[in-house]
Amino acid sequence: MTDFDGGRPVLSPARIRFALLALALGGFGIGSTEFVAMGLLPEIARDLLPGVAAASPDDANAQAGWIISAYALGVVVGAPTIAAAAARWPRKRLLLVLVLAFTLGTIASALLPTFGLVLVARFLSALPHGAYFGIASLVAASLMGPGKRARGVALVLSGLTIANVIGVPAITWLGQIAGWRVAYLAVAGIFALTFVAVALAVPHQPGDPGATIRRELGAFRRSQVWFALGIGAIGFGGLFAVYTYVAPLAVEVTGLPSSFVPVVLIAFGIGMTLGNLVGGRLADWSVRRSMYLFFAVLAGSLLVLGFTAANPVGLFIGVFLIGGSSAALSPTIQARLMDVARDSQSIAAALNHSALNIGNSLGALFGGMAIAAGLGYVAPIWIGFVLTLAGSALALASFALDRSRGRKGVVVPYATGAVEVVDA
């Protein structure tokens, strides 16, 4: 039900909640399609790389990790490209096109017969990822109003984090029982449901009529945008170096049966869900202080896991803390990007996911290299610790540059026309 204010429809609180739920459902599907491979990596390796798996399961797992890297690369390519090219599109229409692309790409991932073709399908199915989160975040921020930008981002991302509590463990269990291909078909079903929910619940919102590809790409001329991208790309490698190989870590190092892998993923997901909500609230208070805090917690969490991974209690505490601190960083880094990108808001909202998925790719790549070199499944944890320290150093340098320029705040334009001075 709606009222009218100046000729414009004003959504009721119930309609706003329904719209935010529909946007979060898309995040739930994205979280499922992105992370389910991590829990099913051994099954995927045995099916698509039978010869390698027969000779060396470790080599097969490391090679199967390329599927995760291919998805991450698709996000990196697709987020800025789609966001810049489609910034003028009505936002609801663009969201529907992106969800349809997710559905078709995930079905292809489930049905294609060879490792090479599945790699291509994972790359293509990832192209809408960053653009979806970027546009959905702008819609959510508009629905919630000024002063609640990071909380709007966090609500959209909550679908992704809840996927790690419910969707990824459940679909991992389904994949272990019925095969990884059935698991991806289940994910495609989530995207189909999202299409219906967005069509019914999300109100029409126009695109940015003043947006041009040139203006959006102008964000890349700002040094602080590159700093923010580096913070996400390198700092988040710490999470993905661990998460990519969490299934063999739990089985080979901790000694848990494979049936416990979904439980480990639940611990990861609970941490991510709580961390995302806390991070969104604290980022609206102070982006800088929140980033410092959560990087420190992430580094400490990796140390905990590195020294206690052989113990089941240490494993569960470690993955919970890593999930929580890394998820808290996500809306914080996105808010920072939107601050420093100024009028390039569409591409800024999407670029966060490019950065995080570069971290995904780096973590999976370096972790796989360490495993293939015979260093074992604990080695990716230490690689992740080094990457987290490097991301922290970039954050310190970025805010130091702000101080050297004498800036105390940044005026951020919103799609609604409002502006806000935020902590930079």
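The structure this text deals with has already been given above.
In short, a report on the structure. As the structure is a computational prediction, the values presented were derived from the model and not from experiment.

### Describing the overall build of the protein
Helix and strand counts for the protein stand at 19 helices and four strands. Evaluated residue by residue, the protein yields a buried proportion of 58% over its 424 residues. Taking as baseline every contact in the protein between residues at least 6 positions apart, the subset at least 24 positions apart corresponds to 81%. Here the protein displays about 15500 Å² of accessible surface, and carbon together with sulfur accounts for 71% of that area.

### A closer look at the side chain of Arg-122
In this fold, Arg-122 is placed in helix H7 (residues 115–126). At 8.3 Å, Glu-34 is the nearest oppositely charged side chain to Arg-122, a buried residue that forms no salt bridge. Beyond its immediate sequence surroundings of up to four residues, Arg-122 is in contact with Thr-33, Glu-34, Ile-67, Ala-70, Tyr-71, Ser-109 and Tyr-184.

### A word on the side chain of Ser-301
Positionally, Ser-301 belongs in helix H16 (residues 287–308). From its side chain, Ser-301 meets the backbone oxygen of Val-297 in a polar contact 2.7 Å long. Among residues more than four places away in sequence, those in contact with Ser-301 are Gly-318, Leu-321, Ile-322 and Ser-325.

### Thoughts on a nonpolar patch on the surface
A cluster of nonpolar residues, Phe-18, Leu-21, Leu-100, Leu-104, Ile-107, Leu-111, Leu-185, Phe-195, Val-196 and Leu-200, forms a patch on the protein surface that exposes about 930 Å² of accessible area. Tracing the backbone through its elements, the reader meets Leu-111 in helix H6 (residues 91–111).

### Looking at the nonpolar core
Among the nonpolar cores identified, the biggest contains 121 residues, and Leu-23, Tyr-132, Tyr-243, Met-291 and Leu-305 are the most heavily contacted of them. Top contributing element to this core by residue count: helix H17 (residues 312–340), with 11 residues.

### Let's talk about the packing of helix H1 (residues 13–39) against helix H2 (residues 41–48)
Think of two packed helices as two axes; the pair is described by the angle between the axes and how far apart they sit. At a minimum axis separation of 4 Å, H1 and H2 run at an interaxial angle of 80°. Between H1 and H2, the angle falls in the class roughly perpendicular. For the pair H1 and H2, the contacting residues are Ala-37, Met-38 and Gly-39 in the first and Leu-41, Pro-42, Glu-43 and Ile-44 in the second. Residues belonging to the contact of H1 with H2 are distributed by class as follows: five nonpolar, one polar and one charged.

### Considerations on the packing of aromatic side chains
Summed over the entire model, instances satisfying the criterion amount to eight aromatic pairs. Plain terms: the ring middles of Phe-102 and Phe-191 are 4.7 Å apart, the flat faces sit at 5° to each other, and that makes the pair stacked. Separated by 89 residues along the polypeptide, Phe-102 in helix H6 and Phe-191 in helix H10 (residues 180–201) bring together distant segments of the chain.

Quick notes on the rules
Residues numbered from 1 in each chain as written. Predicted model: local features only at pLDDT ≥ 70, side-chain atom pairs only at ≥ 80, totals over all residues. Heavy atoms only, no water. Helix = DSSP H or I, 4+ residues; strand = E, 2+ residues; numbered from the N terminus. Buried < 20%, exposed > 50% of the residue type's maximum accessible area, 1.4 Å probe, protein only. Contact = heavy atoms within 4.5 Å. Areas by Shrake-Rupley, 256 points an atom, 1.4 Å probe, with all protein chains shown as cover. Lys, Arg positive; Asp, Glu negative; His and termini not counted. Salt bridge = Lys/Arg side-chain N within 4 Å of Asp/Glu carboxyl O. Polar contact = N/O pair within 3.5 Å; in protein donor to acceptor, adjacent residues only side chain to side chain. Patch = residues over 30% accessible without salt bridge, like charges linked within 9 Å, V, L, I, M, F, W, Y side chains within 5 Å. Core = buried A, V, L, I, M, F, W, Y, C linked by side-chain atoms within 4.5 Å. Axes fitted to C-alpha atoms, helices over the stretch in contact; angles between N-to-C directions. Parallel < 35°, antiparallel > 145°, perpendicular 65-115°, else oblique. Nonpolar A, V, L, I, M, F, W, Y, C, P; charged D, E, K, R; others polar. Phe/Tyr/Trp six-rings, centres within 6.5 Å; stacked < 30°, edge-to-face > 60°.

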